[in-house]
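Listed below are the residues making up each chain.
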Amino acid sequence: MFKHFITLQWKSFFRAASLKSSIAIKILMGFAAVYMTAIFIGMGIGAYFVIEDMNIGDPFDVINKFIIYYLIVDLVFRYMLQKMPVTNIKPLLYLPFKKSQVVNFSLAKTIVSYFNWSHAFFFIPLSIILLTKGYSATGIIGWHLALIAIIYCNNFINVLVNNKDSIFYPLVGLMAVLGLFQYLQWFDITTYTAPFFNALCTLPWISIILWLLAFGLYYAAFNYFKKNLYLDAGLQTKQTIAKTEDLSWLNRFGNLGTFLKNDIKLIKRNKRSKMAVITSFFFIFYGFLFFTGTIEAYDGPIWRIFAGIFISGGFLFSFGQFVPSWDSSYYPLMMSQNIKYKEYLNSKWYLMVIATIISTIIASFYLYFGLDAYLAVLVGAIYNIGVNSYVVLLGGAYTRTPIDLTSAKKAFGDKQSFNLKTVMLTMPKLLLPLLIYGIGHYLISPTAGYIFVAMAGVLGFAFKGFVFKKIEKIYKKEKYKTLLAYKQVS
Amino acid sequence: MITVQNLTKTYGKNTVLNIPSLEIPKGQSFGLVGNNGAGKTTLFSLLLDLIQPTTGHINNNGVQVNTSEDWKPFTTAFIDETFLIGYLTAEEYFYFIGELRGQNKADVNALLSNFQDFFHGEILGQTKYLRDLSKGNQKKAGIVASFIGNPEVVILDEPFANLDPTTQIRLKGIIKDLAANNNVTVLVSSHDLIHVTEVCERIVVLNKGELVKDIETSEATLMELELFFAG
């Protein structure tokens with residue numbers, strides 16, 4: 001039976017439209033995957049020594065102290081990205097498979113998912129380093145096994161609470177509050193959790209309990225799904241109560257307003273787009289890594305521009321790179337309606353510009369790190385508006401990954417839309433401004449670097465009409481291919 | 001008026017549509033029938049410039065469809081659910097289409113009031129987004145949306161499929177009314193020979209991409225069609 005499931009899975013993966021990219025892209029994607037893996041392994045190896053260098057106590061203690069956050073973040077990421085295992089099993093229901101087999105397969109799929117084994121790249125090297133540093137072998141092995149068990153507990157907890165926003169958002173809120181309290185030294189949750197993780201090492205048998213817990217959760221998830229394997233129960237698509245919204249204040253912008261209204265509804269009412277907005281919000285805080293000097297490698301001056309681009313451009317990257325895929329489910333309508341490509345693209349452009357400005361305003365707290373830090377954000381914003389907004393739209397013409405708006409889990413969980421092509425397209429957006437800044441910074445002065453990058457942005461802005469005409473032409477040329485690709489919804 | 005010249009569509013070696021010439025005069029109600037794979041949806045997609053012709057072209061009111069976009073203001077269509085925006089309520093969807101076609105809310109409301117019967121209380125004022133409506137109700141919304149903005153050409157791909165009997169009968173009335181207006185050209189495809197002979201003045205049969213019959217509808221048409229498809 002499992003053989004059937006696996007061949008089905010295999011085919012759904014290899015027959016997806018988004019996979020039929022050119023060989024060159026595939027090779028690049030391979031390199032990127034290797035690179036990411038290397039970074040994880042490097043972090044696993046490096047974590048010990050970095051903490052040792054920072055002189056904040058025994059590295060293993062420090063790791064145990066903060067691991068609670070690691071695990072909570074893992075849970076949050078899973079919630080946002082990991083896909084429900086029950087999708088695509090509707091057509092199997094009436095076939096002669098036992099229900100328990102269908103459920104077992106679906107759960108087994110989550111066990112081998114990227115969300116679990118990616119941790120191995122971090123924990124295995126870390127454990128090996130800890131062993132070589134003379135920590136008790138049984139202790140570390142017990143600790144390691146216990147963490148694997150906890151990761152799997154996370155896996156099944158996520159399966160069980162999936163789609164329950166009422167649990168998710170309070171959890172995120174709680175974590176943020178705890179993190180803030182710890183930062184302000186009011187209340188430190190880790191004083192309570194660290195002994196537990198330390199105990200995993202001193203009392204390695206605890207890992208057995210955690211493994212039992214993981215199996216227990218598997219069993220719970222199994223029962224839950226088996227009981228709910230009906231079209232009107234667990235397999236029911238969640239329906240939200242619709243509210244008609246009147247955004248007529250946008251009418252004054254004419255056709256542009258019509259599209260903006262629609263885009264606002266698109267963002268508000270669909271999981272996938274909400275995710276993009278949340279992601280872009282997190283991007284705003286990305287700068288802490290740079291301006292606080294936490295990560296040494298980021299101390300070089302040109303990295304400030306890198307941070308500035310990301311802080312102000314979170315929405316541009318997370319939303320913009322999927323234009324026009326956001327409209328993929330009704331693209332034929334858009335293409336046969338009485339609209340001009342220019343207006344359509346213009347509304348997306350305005351949306352990105354408005355979001356960039358809002359991000360820049362929110363990011364004004366970087367003034368705390370000095371005027372220089374905020375200047376980097378401002379310059380990044382100008383470059384984003386003037387140059388990157390076009391690059392993003394241009395990339396969109398070739399992206400052609402249909403987006404299932406109602407599913408938030410597909411951003412990474414589903415390989416069909418895990419699209420490194422879009423990551424590739426990010427490169428010119430990020431490296432070019434670094435280069436421009438670098439030239440100004442090293443040849444003249446830091447201020448000149450800022451001015452150069454800002455100039456590039458202003459220049460791009462000035463040529464908007466011209467650039468838009470070019471982009472419009474490309475969209476028109478790619479229209480038929482895009483329509484064809486969108487037909488195949490993963 | 002729609003004219004088709006030397007139109008072919010080929011995928012690899014497989015020609016899915018080959019129409020040397022076809023003229024549809026303004027105001028005609030035009031029915032397209034044929035088995036699966038006959039090329040009905042291909043023809044409609046070509047009319048809407050959703051796919052490119054391999055050779056030849058279509059003229060819609062003097063506008064060559066695959067080179068100019070000027071046919072868009074007077075042409076509307078409902079082909080399938082990709083013409084619906086799932087996260088909008090029916091009202092929002094109608095107003096959106098209305099705005100794209102230069103109709104304000106009052107215009108759209110006036111038009112919608114004619115379709116109260118057709119909607120059967122299941123479309124307007126619902127607390128559901130279009131994506132959560134049943135297939136039949138989605139179709140109703142899509143069909144009515146294609147009447148917004150005083151179009152001169154209306155293209156409906158299998159409008160009767162998925163509709164309940166009452167709605168089918170009402171839709172026939174609506175299409176007949178539309179066709180009675182000499183300004184509106186209605187193009188309908190269907191698998192239901194009875195419906196199509198009832199609402200269309202002219203019926204064209206496609207078979208494997210070729211135009212095999214072109215009939216002016218009369219009493220005998222249904223028999224003729226049934227005979228053809230039984231063979």
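Being a predicted model, the structure only gives us computed values, none of them experimental.

Caption draft 1: Local environment of the overall build of chain B. On a plain count of helices and strands, chain B comes out with 8 helices and 10 strands. Here chain B has a C-alpha radius of gyration of 17 Å; the compact-globule value for 231 residues is 17 Å, and the two agree. Per-residue burial over chain B gives 56% buried out of 231 residues. Here the analysis covers contacts within chain B between residues at least 6 apart in sequence; of these, 65% occur between residues at least 24 apart. For chain B, the accessible surface area stands at approximately 9,600 Å², while carbon and sulfur atoms represent 47% of it. Put simply, chain B has 18 plus and 27 minus side-chain charges, and the middle of one group is 5 Å from the middle of the other.

Caption draft 2: Spatial organisation of the pairing of strand β8 (residues 185-189) of chain B. Residue and element names in this part refer to chain B. With 5 of 5 residues buried, β8 lies mostly within the body of the structure. Here β8 shows two buried faces, one formed by T185, L187 and S189 and the other by V186 and V188. The pairing of strand β3 (residues 29-33) with β8 spans 4 bridges and is classified as parallel. In the strand pairing of β8, S29 is matched with V186. Where strand β7 (residues 153-157) lies against β8, 5 bridges are found, and the strand directions are parallel. Pairing of V153 across the sheet is with T185, part of β8. Crossover connection from β7 via helix α6 (residues 165-180) to parallel β8: handedness right-handed.

Caption draft 3: Representation of the nonpolar core. In this structure, B:Y93 and B:F94 are the most contacted members of the largest nonpolar core, which totals 143 residues. If you tally residues by element for this core, the top one is helix α16 (residues 371-399) of chain A, at 12 residues. Those residues in contact with B:Y93 that lie beyond four places of it in its chain are A:L333, B:F83, B:L84, B:I85, B:L88, B:L130, B:A141 and B:A145. Counting 31 residues, the second largest nonpolar core, distinct from the first, contains A:F123, A:A146, A:M175 and A:L210.

Caption draft 4: Structural context of the interface of chain A and chain B. Listed as interface residues are 36 residues of chain A and, on the opposing side, 33 residues of chain B. At the boundary of chain A with chain B, total buried surface from both sides reaches about 3,200 Å², with 51% on carbon and sulfur atoms. Of all residues in chain A, A:R269, A:N338 and A:Y480 give up the largest surface area on contact with chain B, accounting jointly for 20% of the area buried on that side. Taken together, the links from chain A to chain B amount to 5 salt bridges.

Caption draft 5: Broad picture of helix α1 (residues 40-47) of chain B. All names here are of chain B. The buried fraction of α1 is high, at 7 of 8 residues. For α1, every residue scored as buried is listed here: K40, T42, L43, F44, S45, L46 and L47. At the C-terminal side of α1, D49 shows a positive phi close to 60 degrees.

Caption draft 6: Expanded view of the domain arrangement of chain B. Residue and element names in this part refer to chain B. Examined at the domain level, chain B breaks down into domain 1 (2-74 + 152-230) and domain 2 (87-150). For domain 1 versus domain 2, the separation of C-alpha centres amounts to 24 Å. In this complex, domain 1 contributes 18 residues to the contact, which on the side of domain 2 involves 13 residues. Interface area for domain 1 against domain 2, summed over the two sides, is near 1,200 Å², with a carbon-plus-sulfur share of 66%. Three residues stand out in domain 1 for area buried against domain 2, namely N162, R170 and I174, and they jointly supply 36% of the buried area on that side. At the junction of domain 1 with domain 2, the criterion picks out 0 salt bridges. Linking domain 1 with domain 2 are 5 residue pairs in polar contact (both at pLDDT 80 or more), by the criterion used here. Taken together, the elements giving at least two residues each to the side of domain 1 that touches domain 2 come down to β7 and α6. By residue class, the composition of the side of domain 1 that touches domain 2 is 10 nonpolar, 2 polar and 6 charged.

Caption draft 7: The UniProt feature "domain: ABC transporter" (unreviewed entry) in chain B, seen in detail. Mapped onto the present numbering, the UniProt feature "domain: ABC transporter" (unreviewed entry) falls at residues 2-227 of chain B. Overall, residues 2-227 of chain B shows 32% helix and 27% strand. The separation of its end C-alpha atoms is 29 Å.

Caption draft 8: Fine view of the packing of helix α2 (residues 90-100) of chain B against helix α3 (residues 105-113) of chain B. Residue and element names in this part refer to chain B. Running from N to C, α2 and α3 cross one another at 120 degrees; their axes reach a closest spacing of 9 Å. One finds that α2 runs oblique with respect to α3. The crossing of α2 and α3 is right-handed. Every residue of α3 that contacts α2 at F94, Y95 and G98 is listed here: K105, V108, N109 and L112. Split into classes, the residues belonging to the contact of α2 with α3 amount to 4 nonpolar, 2 polar and 1 charged.

Caption draft 9: Molecular detail of unusual backbone geometry. Cis geometry marks the peptide bond from A:V323 to A:P324; its omega dihedral reads 5 degrees. Looking at where A:P324 falls in the secondary structure, it is placed in the loop between α13 (302-318) and α14 (331-336). Non-glycine residue B:N61 carries a positive phi angle of around 55 degrees. In this structure, B:N61 sits in the loop between β4 (55-60) and β5 (63-64).

Caption draft 10: A negative patch on the surface, seen in detail. A surface patch of negative charge is lined by A:E52, A:D53, A:D58 and A:D61. Relative to the assigned elements, A:D58 resides in the loop between α2 (23-54) and α3 (59-81).

Caption draft 11: View of the environment of A:G396. Along the chain, the position of A:G396 falls in helix α16. What A:G396 contacts, discounting residues up to four positions off in sequence, is A:Q321, A:V323, A:P324 and A:Y475.

Caption draft 12: Highlighting the packing of aromatic side chains. Going through the model one piece at a time under the given rule, you end up with 44 aromatic pairs over all chains. Centroid distance B:F78 to B:F83: 6.5 Å. Interplanar angle 75 degrees. Geometry classified as edge-to-face. By relative accessible area, which is 4% here, B:F78 ends up buried. Chaining the aromatic ring pairs together yields one cluster made of A:F60, A:Y70, A:F122, A:F123, A:Y135 and A:W143.

Caption draft 13: Region of interest: the pattern of salt bridges. In this structure the tally under the stated criterion is 17 salt bridges over all chains. Here A:R304 and A:D372 are joined by a salt bridge, their closest N and O atoms 3.5 Å apart. Of this pair, A:R304 sits in helix α13 while A:D372 sits in helix α16; the two residues are 68 residues apart in sequence, bridging distant segments of the chain. With a relative accessible area of 39%, A:D372 lands in the partly exposed category. In this structure, B:K172 and B:E198 form a salt bridge, with 3.3 Å as the shortest nitrogen-oxygen distance. In this pair, B:K172 is assigned in helix α6 and B:E198 in helix α7 (residues 193-199), connecting sequence segments 26 residues apart. Shared partners join several salt bridges into a network, and the residues in it are A:E472, A:K476, B:E69 and B:K72.

Calculation notes
- Residues numbered from 1 in each chain as written.
- Chains lettered and ligands numbered in written order.
- Predicted model: local features only at pLDDT ≥ 70, side-chain atom pairs only at ≥ 80, totals over all residues.
- Heavy atoms only, no water.
- Helix = DSSP H or I, 4+ residues; strand = E, 2+ residues; numbered from the N terminus.
- Rg over C-alpha atoms; globule rule 2.2 N^0.38 Å.
- Buried < 20%, exposed > 50% of the residue type's maximum accessible area, 1.4 Å probe, protein only.
- Contact = heavy atoms within 4.5 Å.
- Areas by Shrake-Rupley, 256 points an atom, 1.4 Å probe, with all protein chains shown as cover.
- Lys, Arg positive; Asp, Glu negative; His and termini not counted.
- Charge placed at Lys NZ, Arg CZ, Asp CG, Glu CD.
- Pairing = 2+ DSSP bridges.
- Right-handed = clockwise from strand over helix to strand, strands pointing away.
- Core = buried A, V, L, I, M, F, W, Y, C linked by side-chain atoms within 4.5 Å.
- Buried area = accessible area lost by both parts, 1.4 Å probe.
- Salt bridge = Lys/Arg side-chain N within 4 Å of Asp/Glu carboxyl O.
- Domains from an automatic or database assignment.
- Polar contact = N/O pair within 3.5 Å; in protein donor to acceptor, adjacent residues only side chain to side chain.
- Nonpolar A, V, L, I, M, F, W, Y, C, P; charged D, E, K, R; others polar.
- UniProt positions renumbered as here; feature names shortened; annotations may be inferred.
- Axes fitted to C-alpha atoms, helices over the stretch in contact; angles between N-to-C directions.
- Parallel < 35°, antiparallel > 145°, perpendicular 65-115°, else oblique.
- Left-handed = near helix turned anticlockwise from the far one by under 90°.
- Patch = residues over 30% accessible without salt bridge, like charges linked within 9 Å, V, L, I, M, F, W, Y side chains within 5 Å.
- Phe/Tyr/Trp six-rings, centres within 6.5 Å; stacked < 30°, edge-to-face > 60°.

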